[in-house]
Amino acid sequence: QVQLVESGGGLVQAGGSLRLSCAASGRTFSSYAMGWFRQAPGKEREFVGAIGWNGYTYYADSVKGRFTISRDNAKNTVYLQMNSLKPEDTAVYYCAADTSTIAIMRGTNDYWGQGTRVTVSS
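Residues numbered from 1 in each chain as written. Predicted model: local features only at pLDDT ≥ 70, side-chain atom pairs only at ≥ 80, totals over all residues. Heavy atoms only, no water.

> Could you give an account of the environment of Gly 26, with specific residues and numbers?
The residue Gly 26 is located in the loop between β3 (18-24) and β4 (33-39) in this model. Each C-alpha atom of the pair Gly 26 and Gln 1 lies 7.3 Å from the other, and the pair is 25 residues apart in sequence. (Helix = DSSP H or I, 4+ residues; strand = E, 2+ residues; numbered from the N terminus.)

> Residue-level account of the pairing of strand β7 (residues 67-72), with values.
It is a general feature of regular strands that their side chains alternate between the two faces of the sheet. Side chains of β7 alternate between two faces, with Phe 67, Ile 69 and Arg 71 buried and Thr 68, Ser 70 and Asp 72 left unburied. Here 6 bridges tie β7 to strand β8 (residues 77-82), and the two strands are oriented antiparallel to one another. Pairing of Phe 67 across the sheet is with Met 82, part of β8. (Buried < 20%, exposed > 50% of the residue type's maximum accessible area, 1.4 Å probe, protein only. Pairing = 2+ DSSP bridges.)

> Before we move on, could you go through the environment of Gly 115 and cite the residues and values that matter?
Take Gly 115: it is sitting in the loop between β10 (111-112) and β11 (116-121). Accessibility expressed as a relative area gives 15% for Gly 115, which makes it buried. Between the C-alpha atom of Gly 115 and that of Leu 4, which follows or precedes it by 111 residues, the distance is 9.3 Å. Other than its neighbours up to four places away in sequence, Gly 115 contacts Glu 6, Val 92, Tyr 93 and Tyr 94. (Contact = heavy atoms within 4.5 Å.)

Keep in mind that these numbers describe shape and distance, not what the molecule does.
Structure follows, in structure tokens:
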């Protein structure tokens, strides 16, 4: 079992930055792919980005060049650095984990966090 706890959400003005963190339980974190999804009010959950166990990263077109995913295996933590935030980035952001990066990109991963809310004001 893997438990995921997100933090770092909040209110920020358009153009600003936030860094989300996701702390994972378990001793095999380094072998897991990790990812981020978001769900805006009235919309379906959508893929934001993922990072494989090997450090390879993948991003949705809507955030490419603005968001960066990184991981610290020593701290069992994955990060989502969000820059140049836009009001349309407003959503609840969820951390995801799976042994398969493809599963994360498809949203069929095994583990989810509880979410952290990000609000971007215009």
